[in-house]
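# Per-entry structural report
Residues per chain, in single letters:
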Amino acid sequence: MRTVGLIVEYNPFHNGHAYHLQQSVKITEADAVVAVMSGSFLQRGEPALLDKWTRAEMALHGGCDLVIELPTAYATQPAEWFAFGAVSLLKATGVVDSMCFGSESGSIASLSALAAVLAEEPERFQELLRASLRSGSSYPAAYSSAVQLYMTELGEHEAASYPLAQPNNTLALHYLIALRRLNSRIRPYTIVRQKAGYSQQDVADEHIASATALRRMLSLGQTLEELAPFVPATTLHLLQREGLGQRPPTTWETFMPKLLHQLLSHSPTQLAEFHEISEGLEHRLAQAVPRLESLRFEALMQALKTRRYTRTKLQRALLALLLNHRKDELHPDRLQSGIDYIRVLGFTDKGRQLLKKMKTTARLPVLHSAAQPPRGLRYLELDVRASAVYALAAAPDTPAAGLLRDYYERPIII
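Our subject in this report is the structure included herewith. Since we're looking at a predicted model, the values are computed, not measured.

Counted according to the given criterion, the structure contains twelve aromatic pairs. Summarising the aromatic geometry, the rings of tryptophan 81 and phenylalanine 84 are spaced 5.5 Å apart at their centres and angled 80° between planes, so their arrangement reads as edge-to-face. Of the two residues, tryptophan 81 and phenylalanine 84 are both situated in helix α4 (residues 79–93); the distance of three residues between them amounts to about one turn of the helix. Assigned by exposure class, tryptophan 81 and phenylalanine 84 land together as buried.

Here you go:
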């Protein structure tokens, strides 16, 4: 069974995602689709709109056959580790032949040329990157600048002009770098992202809107009926089932009481022990709270944001604090050692066939819940913790057992 892998967040699943899925199947001539999906918290350091099981259900109705979870340890990381974790899971299934991702350029050749050079991160490239960081640039800007300068020095002027500042291009490059570093035989494909940009907040088409725009519509109090043109009917039904439209959407504001408690409970020295908090950010965090004009998340962002600290960097740092992620837990050497389990969130009949095949092809243990896992799994506890923190804030009326849903929730089957 020819199988294509997708790396997704589906926050929520919308018409643009449906188009990407359909085109991925078409250009790879796939018979089945495996999706690696983030859990309760996402790559830009944000909480998901809905829990991971509901979003997995959306994915299955949208055309995926098997949905597996990208552990929180990788799902909330910058592009390099996010991509490494997701690609390593696709490889570990032993059933994925190809992968397809969106990009602003749509050029796999240009991306592959860059990946071939950057996979080993040559010393000269690292020097240029360090110099750009010392100048005060954020990491994404510094990385893009170092790539441009390094490729220019090599005489690769076309590659040097590649628009890495665009988020899907950056992720696409790191997917290809991960494939090389993992020595994977999975064949990559890319398609041009259609009409709505990754972070585009307005609606530019009568049928396609970004997930960011849809979440913004909900935050502004627009009804689900107003979202209906931009999402499949099954997504709309699941949004209704989960109470969207009758309650505020889950955002960073939902987690502010716990986050403020964490900020007020730690000294700058203690804050510096958390992942992503370094280079003076611990002092900025400690000093920000007493000066806040309100206890809203946006007020905190305005107090913290500088040229060096992008919004995404700050959100990831605050998320590490919220989830109690310490530096030693997510040290690069630890991340490099990889994921040691495949967590199934849902499957179809075709997905059941893939799981049967994976009994002989999978390179890692396949888990259907967090109950009684093999000993020594590095990141499963972080997933359980993330789900509990999410449920505690996003669904406070949930019975206490709901905080430990990872232990008893079985995969969604449709």
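Along the chain, leucine 171 turns up in helix α9 (residues 167–181). Residue classification places leucine 171 among the buried residues on the basis of a relative accessible area of 12%. Along the primary structure leucine 171 and alanine 92 are separated by 79 residues, whereas in three dimensions their C-alpha atoms are 20 Å apart.

Counting residues in hydrophobic clusters, the biggest one holds 68 residues, and the most contacted among them are Leu66, Leu70, Tyr74, Met99, Tyr143, Leu173 and Tyr175. Looking at which element gives the most residues to this core, the answer is α4, with ten residues. Contacts of leucine 70, omitting those with residues within four sequence positions, involve Val36, Met37, Ser38, Gly39, Ala75, Phe82, Gly85, Ala86, Leu89 and Ile339.

For the rest of this paragraph, the subject is helix α12 (residues 233–241). For α12, the complete set of buried residues consists of Thr235, Leu236, Leu238 and Leu239. The buried residues of α12 all sit within an arc of 165° when viewed along its axis, so they share a single face. Looking at the buried positions of α12, the neighbouring elements they touch are α2 (52–62) and α11 (224–227). Of the residues flanking the end of α12, it is glycine 243, one or two places downstream, whose phi is positive at about 85°.

Parameters and conventions
- Residues numbered from 1 in each chain as written.
- Predicted model: local features only at pLDDT ≥ 70, side-chain atom pairs only at ≥ 80, totals over all residues.
- Heavy atoms only, no water.
- Phe/Tyr/Trp six-rings, centres within 6.5 Å; stacked < 30°, edge-to-face > 60°.
- Helix = DSSP H or I, 4+ residues; strand = E, 2+ residues; numbered from the N terminus.
- Buried < 20%, exposed > 50% of the residue type's maximum accessible area, 1.4 Å probe, protein only.
- Core = buried A, V, L, I, M, F, W, Y, C linked by side-chain atoms within 4.5 Å.
- Contact = heavy atoms within 4.5 Å.
- Arc of directions from axis to C-beta.

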